[in-house]
Amino acid sequence: MHYLVGLLFILIALVSTGPAVVAAAAGLQPWAGNPWYWSYRGEPVLLLGGSDDDNLFQWPEKDLVAQLDRLAAAGGNVIRNTMSDRKDKGFEVYPFKRLADGRYDLGEWNEEYWTRFERLLRETAQRRIFVQIEIWDRFDFTDQGGRAHWQIHPYNPKNNINYSHEESGFAPRYPDHPAANRQPFFFTTPNQRHNRTVLPFQQRFVDRMLDHTLRYDHVLYCIDNETSGEEEWGRHWARVVKERAAKAGRTVYVTEMWDDWNLAAARHKRTFDHPELYGFVDVSQNNHISGQKHWDNFLHVRRYLADRPRPMNSTKTYGAGGGKVGQTDQDGIERFWRHLLAGAASLRFHRPDAGLGLGDKAVAAIRAARKLESKIPLWSVTPAIELLADRQPNEAYLAVAAGTAYALYFPAGGEVRLDLPAARGPWTVNWIDIAAGEWGPTRQLDGGGAVVLAPPAMGNWAAAIVRGAD
């Protein structure tokens, strides 16, 4: 059924004459019934995903299709897509036309880049896989670590026919980590340095991107990948996206992703305090934190946003053995499941080697989460570990629906007590083996007092505790 809906959606897109014709009035947006979560065409939807790269649109078609099919088969329905063009794998292309002398014309397009991007939008729409776009990725414009991305990039004056170093203000090299925020590319907007030479080309790029995305209703927008930039940079582009969408008769949702790992840091308030501009928040950098503090930090933001609740997305769940961030596969699984029960609206495993991507462990975790959701809609519960007795830090996590359902997660065995109401009959504990992505044993319980709960074995287990006999 989802395939047919998506196919119809695409066919309409192909015959439309204006960019706003395709998008349904009730596309992806915060759900009226619980604005912590997303809805799509009026129905609540939990976004779960993983992918093996951050810019899948650049992939060869057969590989892209295989990745999306694997995700859909696992029950996944969200990917991250940076508009990145750096030459990490060799098949990436730039959006600008390359001339016979090897330089680029920033005023002319390389249509192959945009054909690839349109393909991604079309193929994801067909499978009802949502796309969180990041427009700018600071790592595309740096020479840090010997990568020399800036040395070959079209925006580098030596590589284009449009401006010189003097006219643009660009230096020949940018060897520092982009967190130092020394690249003038990110200072061009009117309330910053107002670089009238470079800004028109940036604007032209964003306009062309929106020519494609505004034809679809399954897209979210994030301005940057883990930025350390000035507040006004992100605000400028957020306004550009929203104003262009409004002219097309659309409402779209935009956020910014700050690099600071501490969600209580003042920098994050640039997003948190401005719901009129940023319609959701991304808390991906919390995934550098482990254990109980990871859960606590997420709930700090949830409390901070309580007066104006918005979806909280985690588009980069870090954690993979041998990865460059020095963490483990278990870190990735735990972070995904803690955020799931804490109330995240969208969760995606980050690409290898910093995350589990769409490997077997990620696929199993997504399948397990969908099994939990089949018993307990996650938008119907709220985090409540205070209801667990005899609990040690990071031993177990709980979300509840007011005496009618309990979602429980154990990262590594353990045993806790939970008071179950006696009214309206017995309870059933449906165990889920997260490592296998399969159902485990079930157990019947009587309410009316404290029950002891322990998973069937060591490892990652979840339980859906619901009323009634199985």
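Residues numbered from 1 in each chain as written. Predicted model: local features only at pLDDT ≥ 70, side-chain atom pairs only at ≥ 80, totals over all residues. Heavy atoms only, no water.

**Student:** Could you clarify how one ought to interpret the overall build of the chain in this entry?
**Tutor:** Per the secondary structure count, the chain includes eleven helices and 22 strands. On C-alpha atoms alone, the chain measures out to a radius of gyration of 23 Å, which is about the 23 Å that the 2.2 N^0.38 rule sets for 470 residues. Summarising the internal contacts of the chain: among those between residues at least 6 apart in sequence, 71% fall at separations of at least 24. Accessible surface for the chain amounts to roughly 17500 Å². Of this, 51% is attributable to carbon and sulfur atoms. Put simply, the chain has 55 plus and 56 minus side-chain charges, and the middle of one group is 2 Å from the middle of the other. (Helix = DSSP H or I, 4+ residues; strand = E, 2+ residues; numbered from the N terminus. Rg over C-alpha atoms; globule rule 2.2 N^0.38 Å. Contact = heavy atoms within 4.5 Å. Areas by Shrake-Rupley, 256 points an atom, 1.4 Å probe, with all protein chains shown as cover. Lys, Arg positive; Asp, Glu negative; His and termini not counted. Charge placed at Lys NZ, Arg CZ, Asp CG, Glu CD.)

**Student:** Got a minute to help me understand the pairing of strand S12 (residues 312-317) in this structure?
**Tutor:** Looking down a regular strand, the side chains alternate between one sheet face and the other. Where burial is concerned, most of S12 is hidden: six out of the six residues are buried. Following the backbone out of strand S11 (residues 281-282), through helix H9 (residues 291-304) and into the adjacent parallel S12, one traces a crossover that is right-handed. Bridge count for S12 against strand S13 (residues 346-349) is three bridges, and the pairing is parallel. Residue pairing in the sheet places asparagine 313 in a bridge with serine 346 of S13. (Buried < 20%, exposed > 50% of the residue type's maximum accessible area, 1.4 Å probe, protein only. Right-handed = clockwise from strand over helix to strand, strands pointing away. Pairing = 2+ DSSP bridges.)

**Student:** Quick question: what am I supposed to make of the side chain of glutamine 292 here?
**Tutor:** Residue placement: glutamine 292 occurs in helix H9. Discounting residues that sit within four places of it in the chain, glutamine 292 has contacts with Ile385, Arg391, Pro393, Asn394 and Tyr397.

**Student:** Can you walk me through the packing of helix H10 (residues 329-342) against helix H11 (residues 360-375) in this structure?
**Tutor:** Two numbers describe a pair of packed helices, the interaxial angle and the distance between the axes. Contact geometry for H10 and H11: axes closest at 11 Å, N-to-C directions at 20°. When the interaxial angle is binned, H10 and H11 end up roughly parallel. As H10 runs across H11, the sense of the crossing is right-handed. Taking contact as the criterion, the partners of Asp329, Ile333, Phe336, Trp337, Leu340 and Leu341 in H10 are, on H11, Lys361, Ala365, Ile366, Ala368, Ala369 and Leu372. (Axes fitted to C-alpha atoms, helices over the stretch in contact; angles between N-to-C directions. Parallel < 35°, antiparallel > 145°, perpendicular 65-115°, else oblique. Left-handed = near helix turned anticlockwise from the far one by under 90°.)

**Student:** Please clarify how the packing of aromatic side chains should be interpreted in this entry.
**Tutor:** Any two aromatic rings considered together are summarised by their centre-to-centre distance and by the angle between their planes. Using the criterion set out here, one finds 37 aromatic pairs in the structure. On the numbers, 5.1 Å between centres and 70° between planes, the contact of tryptophan 150 with phenylalanine 170 is edge-to-face. Of the two residues, tryptophan 150 is situated in helix H4 (residues 149-152) and phenylalanine 170 in the loop between helix H5 (165-168) and helix H6 (199-213); the sequence distance between them amounts to 20 residues. You can call phenylalanine 170 buried: its relative accessible area is 3%. Just above the ring of tryptophan 258 sits the side chain of arginine 270; from NZ or CZ to the centre is 4.8 Å. (Phe/Tyr/Trp six-rings, centres within 6.5 Å; stacked < 30°, edge-to-face > 60°. Lys NZ or Arg CZ within 6 Å of the ring centre and 35° of its normal.)

**Student:** Hey, could you run me through the side chain of aspartate 331 in this one?
**Tutor:** Secondary-structure assignment places aspartate 331 in helix H10. When neighbours within four sequence positions are excluded, aspartate 331 is seen to be in contact with Ser290, Tyr318 and Gly319.

**Student:** How should the packing of H6 against helix H7 (residues 231-247) be read in this particular structure?
**Tutor:** Running from N to C, H6 and H7 point in directions that differ by 40°, and their axes come no closer than 11 Å. Taken together, the axes of H6 and H7 are oblique relative to one another. Along this stretch, H6 crosses H7, giving a crossing that reads as right-handed. Residue-level contacts link Leu199, Gln202, Gln203, Val206, Asp207, Leu210 and Asp211 of H6 to Trp233, His236, Trp237, Val240, Val241 and Arg244 of H7.

**Student:** Whenever I open this one, helix H2 (residues 61-73) confuses me. Can you help?
**Tutor:** Three or four residues apart is the spacing at which side chains of an α-helix point the same way, because the helix has 3.6 residues per turn. Its 13 residues place the ends of H2 18 Å apart at the C-alpha level, agreeing with the 18 Å of an ideal helix rising 1.5 Å per residue. Within H2 the residues assigned to the buried category are Leu64, Gln67, Leu68 and Leu71. In a view along the axis of H2, the buried residues occupy a sector of 95°, so they form one face of it. Away from the buried face of H2 by more than 90 degrees, exposed residues Lys62 and Ala73 are located. For H2, the secondary structure elements touched by its buried residues are strand S4 (47-50), strand S5 (78-82), helix H3 (111-127) and H11. Downstream of H2 by one or two residues, glycine 75 has phi in the positive range, about 95°. (Expected span 1.5 Å × (residues − 1). Arc of directions from axis to C-beta.)

**Student:** What exactly am I supposed to notice about the pattern of salt bridges here?
**Tutor:** Side-chain pairing between opposite charges can occur once the charged atoms of the two side chains come close. For the structure on display, the rule yields 29 salt bridges. Ionic pairing is found between arginine 70 and aspartate 360, a salt bridge with its closest N-O pair at 2.9 Å. Here arginine 70 is found in helix H2, whereas its partner aspartate 360 is found in helix H11, with 290 residues between them in sequence. By relative accessible area, arginine 70 is classed as partly exposed at 35%. In this structure, arginine 86 engages aspartate 137 in a salt bridge whose closest nitrogen and oxygen atoms are separated by 3.0 Å. One end of the pair, arginine 86, is in the loop between S5 and strand S6 (96-98); the other, aspartate 137, is in the loop between strand S8 (130-136) and H4, with 51 residues separating them in the sequence. In this structure, arginine 86 and aspartate 137 share a single accessibility class: buried. (Salt bridge = Lys/Arg side-chain N within 4 Å of Asp/Glu carboxyl O.)

**Student:** How should the sheet that holds strand S19 (residues 427-433) be read in this particular structure?
**Tutor:** In a beta sheet, neighbouring strands are held together by backbone hydrogen bonds and run either parallel or antiparallel to one another. Strand order in the open sheet formed by six strands is S14-S16-S17-S22-S19-S20, and the pairing between neighbours is antiparallel. With partners counted over all chains shown, the strands left at the sheet margins are strand S14 (382-383) and strand S20 (438-445), one partner each. Docked against the sheet, H10 engages S14, strand S16 (397-401), strand S17 (405-410) and strand S22 (461-467), running at close to 165° with respect to S17.

**Student:** Looking at this structure, how should I read H3?
**Tutor:** End to end, H3 covers 25 Å across 17 residues, agreeing with the expected 24 Å (1.5 Å per residue, within 8%). In the segment just after H3, arginine 128 is the residue with positive phi, at about 50°.

**Student:** What's the story with the sheet that holds strand S15 (residues 388-389) in this structure? I'm lost.
**Tutor:** Reading across the sheet, the three strands line up as S15-S18-S21 and stay open at both edges, with antiparallel pairing between neighbours. Two strands close off the open sheet at either side, each with one partner strand: S15 and strand S21 (449-453). One ladder, built from two bridges, connects S15 with strand S18 (residues 416-420); its direction is antiparallel. Bridged to alanine 389 within S18 is arginine 417.

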